[in-house]
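Inside the fold
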Amino acid sequence: MKSFLELGVSAPICQAITDLGYEQPMPVQEAVIPYLLGEAIDLIALAQTGTGKTAAFGLPLLQNISLMPQGEQSKPQALVLCPTRELCLQIADDLTSYSKYLPQVRILPVYGGSSIEAQIRALKRGVEVIVATPGRLIDLMERGAASLSSVHTVVLDEADEMLNMGFSESLQTILSEVPEERHLLLFSATMPKEIARIASSYMKNPKEITVGNKNAGNANIKHTYYMVAARHKYLALKRIADFYPNIYGIVFCRTRKETQEIADQLIQDGYNADSLHGELSQAQRDYVMQKFRIRNLQILVATDVAARGLDVDDLTHVIHYGLPDDVESYTHRSGRTARAGKTGLSIAICHSRERGRLKDIERIVGSKIERVRIPSGSAICEKQLYNLADKIERVELTEDATLESFLPGIVRKLDWIEKDELIRRLMLLEFRRLLDYYESVEEIEEADEKGRLHGEAKAKRDKRNAMAEEGMTRLFINFGKFDRMYPNKLIELINKCVPGRVRIGKIDLMPRFSFFEVDEAEAADVVASMNRFEVEGRRISVEYAEEAQIGDFNTKKAKAREKKSSSRRFDDQPSGWERKPQARERRSREGDARERNRRGQSAYIPSKRRER
Ligand code: AMP
């Protein structure tokens, strides 16, 4: 492997990257730098996030500008476009570090969500490199503040993401303002058709460089998946958090709503988690990201878009709470772990209907996604107990004046307890709730590769389907005739709560609750979706009928349920139904999470656990 100097990188830049601790070029840098330091060419580099792309284009770009005659430099010479504000800041920071010994090169990040006036003033003073998100740059161009007439190098970083985010037109507008003689460098993790189209319209004989397999994932990522019933997805997620007490990871959800709900549930269940999505204000997002960056937060629940540009190098886990719609998002999500030569684990929590997509993803990442079993309760308890034992072993025994002064008294107080018993007490103190929970909790239903249930899970499903027609599943709902819940009302409600068209079968209305049948394949979605809604401030509760004692309406449980169920009337107006409000008291819970972090505890917080 060649050194940076041997690749042709100039002494002041070599000095700056040595200061950063870069010893040798990374593969993408070794492949790209010589081309960019030679004749001006167009280039497409396919490389994953976290492979050292910024230095690959940044070092030659800065070096070329630093060698230009003085005077030509006050107008922007180079433009780096990227999809998000966070990535923009990250790239600008990196370029600033690389140009530490090149005082003549000034770098300016321009992005939406911050003062445009300050950016206009900085542009007036003169900059050599603009790092921009497309929308804000166009804004500045329209105000006449940013001129691209001297730009000779344009870099499109994370080009596939920019296209995914709908920046295609903006890119065309920007590229049409750059002189013809410029050269264009395109960095992308994947090569969708749209990128190929940009390449053919805007590039001249581009050199194509692929680091690793085209579209392939990082070899240091281990790809695994769990297959569970849809209603057990959250429980599976909790088990992951419990099984990896030192987890530092992102849970990717598909929608903002789901992101917020999962984060709320995790916080409520005592995990050190928070959410990141587009409905939060910029200030809230900055706050969460900063908490996560400094590891004050262990589990970040995020949408794909919001997590973009969050530059965190040492994630232990990426969890897919369901697979993304497009396979490329899977690569991007997973690419957030195993960065800079480290290893990482990608875990997809899927249900049997996602098998087809798993196969597509396997093709793209170029390796098998291994099915793994959900950790059993006893394996989780063992992991947690040993984790604490490990921590105790590793405590640094530094002198602490306050502790020393109280220690003799405490030792005397506990003197009567044998060592074994002392350890037992300590473990119970920390983990009693966890141990109790996993002793009593039912195991999560896991389906086989064809989506079939086995053993206990199969017996349960057979039982609950026994009363229903072939291919249908019987469900319970806590609204009945007294709530004016008639068949047409119930059908309307189901269709409003559950996206898509649900096949509905027999409906049995009782005074205060009802049973209805839906297609077996849709039952899990119906249960999961309907429980998120409420009617006139009263939560909808839908369960598998077996859990509500099929056919035995006179059991104590059913009677108790009936008693509990208030007889408020179901509103005739369809507007009566609405999503239940998000969990309140987020602030105080965040305060708790901060406190736990201060104490250096794991994601699982024993004393706060509440099982659902
Ligand atoms: P990037 O793909 O540009 O986001 O880089 C990923 C990470 O690798 C960043 O933290 C860089 O600072 C780091 N990095 C880039 N090049 C090198 C290098 N040659 N040696 C060590 N670390 C590097």
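Residues numbered from 1 in each chain as written. Predicted model: local features only at pLDDT ≥ 70, side-chain atom pairs only at ≥ 80, totals over all residues. Heavy atoms only, no water.

It is worth spelling out the side chain of K291 at this point. Mapped onto the fold, K291 is located in helix 12 (residues 282-293). At a separation of 2.9 Å, a polar atom in the side chain of K291 contacts the side chain of D274. (Helix = DSSP H or I, 4+ residues; strand = E, 2+ residues; numbered from the N terminus. Polar contact = N/O pair within 3.5 Å; in protein donor to acceptor, adjacent residues only side chain to side chain.)

Turning our eyes to something else, we now look at the site of the ligand. Around the ligand sit 11 residues in total, of which Y22, Q24, Q29, G52 and T54 are the nearest. Within the side chain of Y22, an N or O atom sits 2.5 Å from an oxygen atom of the ligand. For the ligand, a nitrogen atom lies 2.8 Å from a polar atom in the backbone of Q24. In isolation the ligand offers 500 Å² of accessible surface; the protein chains occlude 81% of this area. (Near = heavy atom within 4 Å. Areas by Shrake-Rupley, 256 points an atom, 1.4 Å probe, with all protein chains shown as cover.)

What follows is about the pairing of strand 11 (residues 299-303). Taken across its 5 residues, strand 11 has 5 buried, putting it largely inside the fold. The two faces of strand 11 match: I299, V301 and T303 on one face and L300 and A302 on the other face are all buried. Relative to strand 11, strand 9 (residues 249-253) runs parallel, the two being bridged by 5 bridges. Its bridge partner lying in strand 11, V251 is registered against V301. Pairing analysis gives 4 bridges linking strand 10 (residues 273-276) to strand 11, with the strands arranged parallel. Looking across to strand 11, one finds that D274 is bridged to L300. Once the chain exits strand 10 it traverses helix 12 before rejoining the sheet at strand 11, and the crossover so formed is right-handed. (Buried < 20%, exposed > 50% of the residue type's maximum accessible area, 1.4 Å probe, protein only. Pairing = 2+ DSSP bridges. Right-handed = clockwise from strand over helix to strand, strands pointing away.)

Turning next to unusual backbone geometry. Phi is positive for E158, close to 50°, though the residue is something other than glycine. Positive phi values are uncommon outside glycine, yet R295 reaches one of about 65°. The exposure class assigned to R295 is partly exposed, which follows from its relative accessible area of 41%.

Below, the discussion takes up the nonpolar core. Buried together is how nonpolar side chains tend to be arranged in soluble globular proteins. Grouped together as the largest cluster of nonpolar side chains are 39 residues, with contacts concentrated most on V32, L62, V80, L95, V129, V131 and F187. Breaking this core down by element, the ones donating at least two residues are helix 1 (11-19), helix 2 (27-37), strand 1 (43-46), helix 3 (53-66), strand 2 (78-81), helix 4 (85-98), strand 4 (129-132) and strand 6 (183-188). Discounting residues that sit within four places of it in the chain, V131 has contacts with V80, C82, C88, I91, A92, L95, I107, L108, P109 and V110. The next biggest cluster of nonpolar side chains, apart from the first, holds 38 residues, and it includes L148, V154, I174 and I195. (Core = buried A, V, L, I, M, F, W, Y, C linked by side-chain atoms within 4.5 Å. Contact = heavy atoms within 4.5 Å.)

Position of H223 among the secondary structure elements: in strand 8 (residues 221-227). Here H223 falls in the buried class, since its relative accessible area comes to 5%. Engagement of the side chain of H223 in a polar contact is seen with the side chain of Y330, the distance being 2.7 Å. Dropping the residues within four chain positions of it, H223 is found in contact with Y330, S334, S346, V365, S367, K368, I369 and E370.

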